[in-house]
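Here is what each chain is made of, one letter per residue.
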Amino acid sequence: MRVKILSLLEENGQMSAKDIAKKLGLEENEVSLEIEKMKDEGIICGYSAIINWDKTDRRFVTALIEVKVTPQRGDGFDRIADRILRFPEVKSVYLMSGGFDLTVIVEGRDIKEVAFFVSDKLATIDAVIATSTHFVLKNYKDHSVIMGKSKKSDERMMVSP
């Protein structure tokens, strides 16, 4: 039941407990209680809108920064990630497998502001060995939502058995 509720909320964070209950064939109060329990347990961490900022007057840049670090004894990558995620410019931090350790997603007013963050804040952390910054040029899809074109247009070639 929890996975079904979470899937519906992930698809539409504004869906009411009443609508979820109707879709799942459950009682509204049962769904409401389960949602509250999941909030208390830290499973549901918050709700947010997915916004196509390109259609607004707000201008900013988004960068994905690959970060190589030296893991800390006893804490591994957690202490470094915790320090990085506290910067207000940082929107997301992920531990990665492969050629680098952390992906840090940041936003700034312009490229210069992001460059300042990397050179003066991120790269100066003792455990940080190297960084590689990639700027987002265009957002085509975000959190399963297609940006720009209508969701209904599907230009893929139809294949049938």
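Per chain, residue numbering runs from 1 following the sequence as it is written. Local features are withheld for residues below a pLDDT of 70 in this predicted model, meaning they are given only at 70 or higher, and side-chain atom pairs are given and counted only at 80 or more; totals for whole chains, interfaces and linings count all residues. For side-chain calculations, the full set of non-hydrogen atoms in the structure is used, while hydrogens and water are omitted.

In the annotation of an unreviewed UniProt entry, the chain is listed under the name Lrp/AsnC family transcriptional regulator and assigned to Candidatus Fimicola merdigallinarum.

Any chance you could break down the layout of surface pockets for me, citing the residues and the numbers?
Space inside the largest pocket adds up to approximately 1,700 Å³. Buried and open spaces are told apart on a 1 Å grid over the protein atoms alone, a cavity being a set of points where a 1.4 Å probe fits but cannot get out and a pocket being an open set with protein on both sides within 12 Å along at least five of seven lines. Residues with an atom within 4 Å of a point are the lining residues. Contributing to the lining of the largest pocket are 39 residues, with Ala49, Ile50, Ile51, Asp142 and His143 lying nearest its centre. Where the lining of the largest pocket is concerned, the elements lending two or more residues are helix H1 (2–11), strand S1 (61–69), strand S2 (90–95), strand S3 (102–108) and strand S5 (141–142). We count a stretch as a helix when DSSP gives it H or I for four or more residues in a row; a strand needs E for two or more, and each element gets its number in order from the N terminus. Of the residues forming the lining of the largest pocket, the biggest block, four residues, is contributed by H1. All residues other than Ala, Val, Leu, Ile, Met, Phe, Trp, Tyr, Cys, Pro, Asp, Glu, Lys and Arg, Gly among them, are scored as polar; the first ten of these are nonpolar and the last four charged. Residue composition of the lining of the largest pocket, grouped by class: 18 nonpolar, eleven polar and ten charged. Grid points are joined across faces, edges and corners, and a volume is the space filled by probe spheres set on the points.

Please give an account of the side chain of glutamate 89 that cites residues and values.
In this fold, glutamate 89 is placed in the loop between helix H4 (78–85) and S2. A contact between two residues is defined here by any heavy atoms of the two lying within 4.5 Å. Filtering out sequence-adjacent residues up to four positions away, glutamate 89 remains in contact with Ile105, Val106, Glu107, Phe117 and Lys121.

Describe the pattern of salt bridges, with residues and values.
The salt bridge definition used is simple: a Lys or Arg side-chain nitrogen within 4 Å of an Asp or Glu carboxyl oxygen. Counted under the stated rule, the structure contains eight salt bridges. Several salt bridges converge on common partners, so that one network encompasses Arg2, Glu34 and Glu41.

How would you summarise the UniProt feature "domain: HTH asnC-type" (unreviewed entry) in the chain if you had to cite specific residues and measurements?
In the numbering adopted here, UniProt assigns the feature "domain: HTH asnC-type" (unreviewed entry) to residues 1–78. For residues 1–78, the end-to-end C-alpha separation is 32 Å, with 41% helix and 12% strand making up the annotated structure. UniProt positions are given in the numbering used here, feature names are shortened, and annotations may be inferred rather than shown by experiment.

I'd like to hear about the sheet that holds S2, residue by residue, with values.
Here the rule is simple: two strands pair whenever DSSP picks up at least two bridges between them. Strand order in the open sheet formed by four strands is S2-S3-S1-S4, with antiparallel pairing between adjacent strands. Each edge of the open sheet is held by one strand with a lone partner, namely S2 and strand S4 (128–135). Strand-to-strand twist across the sheet, computed as the mean angle between neighbouring axes with direction ignored, equals 20°. As judged from the five bridges shared by S2 and S3, these two strands associate in the antiparallel manner. Across the sheet, the residue bridging to leucine 95 is leucine 102, located in S3. Structural elements are reduced to axes, namely lines fitted to C-alpha atoms, with helices fitted over the stretch in contact, and the angle between N-to-C directions of any two is expressed from 0 to 180 degrees. Along the sheet, H4 makes contact with S1, S2 and S3, crossing S2 at roughly 165°.

So, the packing of aromatic side chains: which residues are in play, and what are the values?
A pair of aromatic rings is counted whenever rings of Phe, Tyr or Trp (Trp by its six-membered ring) have centres within 6.5 Å, and the orientation is called stacked for planes under 30 degrees apart, edge-to-face for over 60 and tilted otherwise. All told, the structure shown has two aromatic pairs when counted by the stated rule. Ring geometry for tryptophan 53 versus phenylalanine 60: centroids 6.1 Å apart, planes at 80°, classification edge-to-face. Buried means the residue's accessible area, taken with a 1.4 Å probe over protein chains only, is under 20% of the maximum for its type, while exposed means over 50%, and partly exposed covers the values in between. For tryptophan 53, a relative accessible area of 31% gives the class partly exposed. Plain terms: the ring middles of phenylalanine 87 and phenylalanine 117 are 5.4 Å apart, the flat faces sit at 80° to each other, and that makes the pair edge-to-face. Within this pair, whereas phenylalanine 87 is found in the loop between H4 and S2, its partner phenylalanine 117 is found in helix H5 (residues 111–122), the two being separated by 30 residues in sequence. Residue classification places phenylalanine 87 among the buried positions, given a relative accessible area of 18%. Using a relative accessible area of 1% as the deciding quantity, one classes phenylalanine 117 as buried.

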